[in-house]
Amino acid sequence: YCAKLEEMHKRKALFHIFKKNDVILEGKPKVFLIQSILKGNAMDDVIEKTTELGISGIIPCVTNRVVPRIESQKSKIERWQKLILPAVIRSDRYAIPKIYDIVTLDSLDESIQLIARTQGSKIFKILFNENEKEMKLSHVLHHKSYDALFLMIGPEGGFEEAEVKILESMGFVSAQFSERVLTAN
């Protein structure tokens, strides 16, 4: 609703409603981005744009090729969280995505399971892997229904082969997003 404050009292306020907004509910599946932390302002851009696209949450992840130093996790997460609200307003969203604590590959599966418990039983994890040549994203998602999708995107330079094996052992399905190699942001 859009309303104008008419009266203000100690224990109540009176508003005049002059416009009712249509509510666009966030649908299913909920989509969570697991993003290897990017250098410079690239991570800021990813947070803003994925928020505008409708992401439900972002899990920053430290992988072997992550360049930025993570001195103060709390201050980084607070800064990233501040980028979300303007993006929510710009895109007329009602749900505000959450930035989760920074994780490593060792703690990633546990974090996903904690989030998944609140989303429903049917989750699916996709690893965007530039070296995957056979499995296309369209094949992976074809005619499937999930409560939550977890999408993993690597750092500049991509994932190391050992990291891909670790992620696949966690249940991630490697998929190619495009025929072209795309930048991380």
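Residues numbered from 1 in each chain as written. Predicted model: local features only at pLDDT ≥ 70, side-chain atom pairs only at ≥ 80, totals over all residues. Heavy atoms only, no water.

Examining the pattern of salt bridges
Thinking step 1. Applying the stated criterion across every chain, the model contains five salt bridges.
Thinking step 2. We note a salt bridge from D109 to K125, for which the minimum N-O separation is 3.2 Å. Of this pair, D109 sits in helix 3 (residues 105–116) while K125 sits in strand 7 (residues 123–128); the two residues are 16 residues apart in sequence, bridging distant segments of the chain.
Thinking step 3. Assessed through its relative accessible area of 8%, K125 is described here as buried.
Thinking step 4. Overlapping salt bridges bring together K49, E52 and R90 as one network. (Salt bridge = Lys/Arg side-chain N within 4 Å of Asp/Glu carboxyl O. Helix = DSSP H or I, 4+ residues; strand = E, 2+ residues; numbered from the N terminus. Buried < 20%, exposed > 50% of the residue type's maximum accessible area, 1.4 Å probe, protein only.)

Side note on the nonpolar core
Thinking step 1. Within the largest apolar cluster, 26 residues are counted, with the highest numbers of intra-cluster contacts made by I47, W80, I99 and I126.
Thinking step 2. Elements with a contribution of two residues or more to this core: strand 3 (30–36), helix 1 (42–53), helix 2 (73–90), strand 7 and strand 8 (148–153).
Thinking step 3. Among the nonpolar cores identified, the runner-up in size contains 20 residues, and F32, I115, L127 and V164 belong to it. (Core = buried A, V, L, I, M, F, W, Y, C linked by side-chain atoms within 4.5 Å.)

A word on the side chain of E163
Thinking step 1. Mapped onto the secondary structure, E163 falls in helix 5 (residues 161–169).
Thinking step 2. Despite its burial, E163 pairs with no opposite charge, the nearest such side chain being R65 at 6.0 Å.
Thinking step 3. A polar contact of 2.8 Å, which involves the side chain of E163, links it to the backbone nitrogen of E160. (Lys, Arg positive; Asp, Glu negative; His and termini not counted. Polar contact = N/O pair within 3.5 Å; in protein donor to acceptor, adjacent residues only side chain to side chain.)

As for the environment of V88
Thinking step 1. Relative to the elements of secondary structure, V88 occurs in helix 2.
Thinking step 2. The exposure class of V88 is buried, given its relative accessible area of 4%.
Thinking step 3. In this structure the C-alpha to C-alpha distance between V88 and K49, which are 39 residues apart in sequence, comes to 9.9 Å.

Side note on a nonpolar patch on the surface
Thinking step 1. Taken together, the side chains of L5, M8 and F15 make up a nonpolar region of the molecular surface, amounting to roughly 340 Å² of accessible area.
Thinking step 2. Turning to its location among the elements, M8 is positioned in strand 1 (residues 2–8).
Thinking step 3. Judged by its relative accessible area of 63%, M8 falls in the exposed class. (Patch = residues over 30% accessible without salt bridge, like charges linked within 9 Å, V, L, I, M, F, W, Y side chains within 5 Å. Areas by Shrake-Rupley, 256 points an atom, 1.4 Å probe, with all protein chains shown as cover.)

Some words on unusual backbone geometry
Thinking step 1. Positioned with a positive phi, D92 is a non-glycine residue whose angle comes to about 55°.
Thinking step 2. Of note, D92 is situated in the loop between helix 2 and strand 5 (98–99).

What to know about the pairing of strand 8
Thinking step 1. Of all the six residues making up strand 8, five are buried; the element is thus mostly covered by neighbouring parts of the structure.
Thinking step 2. Judged from the six bridges that link them, strand 3 and strand 8 form a sheet pairing that is parallel. Bridged to Q35 within strand 8 is I153.
Thinking step 3. One ladder, built from five bridges, connects strand 7 with strand 8; its direction is parallel. From the neighbouring strand, K125 faces strand 8, where its bridge partner is F150. (Pairing = 2+ DSSP bridges.)

Structural notes on helix 1
Thinking step 1. Under the 1.5 Å per step criterion, the end-to-end length of helix 1 is 16 Å for 12 residues, consistent within 8% with the ideal 16 Å.
Thinking step 2. Looking only at helix 1, the buried set comprises A42, M43, D44, V46, I47, T50 and T51.
Thinking step 3. Residues of helix 1 that are buried in the fold lie against strand 3, strand 4 (57–62), helix 2 and strand 5. (Expected span 1.5 Å × (residues − 1). Contact = heavy atoms within 4.5 Å.)

What about the packing of helix 1 against helix 2?
Thinking step 1. With their axes 8 Å apart at the nearest point, helix 1 and helix 2 run at an angle of 35° to one another. In this structure, helix 1 crosses over helix 2, and the sense of that crossing is right-handed. Contact residues: helix 1 offers M43, D44, I47, E48, T51 and E52, while helix 2 offers R79, W80, L83, I84, A87, V88 and R90. (Axes fitted to C-alpha atoms, helices over the stretch in contact; angles between N-to-C directions. Left-handed = near helix turned anticlockwise from the far one by under 90°.)

What about the packing of aromatic side chains?
Given two aromatic rings, one states the distance between the centres and the angle between the planes to describe the pair.
Thinking step 1. Summed over all chains, the structure comprises three aromatic pairs.
Thinking step 2. Relative to Y146, the ring of F124 has its centre 4.8 Å away and its plane inclined at 15°; by these criteria the two rings are stacked. Pair noted here: F124 is in strand 7 and Y146 is in the loop between helix 4 (137–141) and strand 8, with a separation of 22 residues, a long-range link.
Thinking step 3. We classify F124 as buried; its relative accessible area is 14%.
Thinking step 4. For Y146, a relative accessible area of 16% puts it in the buried group.
Thinking step 5. Three or more aromatic residues link up through ring pairs in this structure, and these residues are F32, Y100 and F150. (Phe/Tyr/Trp six-rings, centres within 6.5 Å; stacked < 30°, edge-to-face > 60°.)

By themselves, these figures tell us nothing about what the structure is for.
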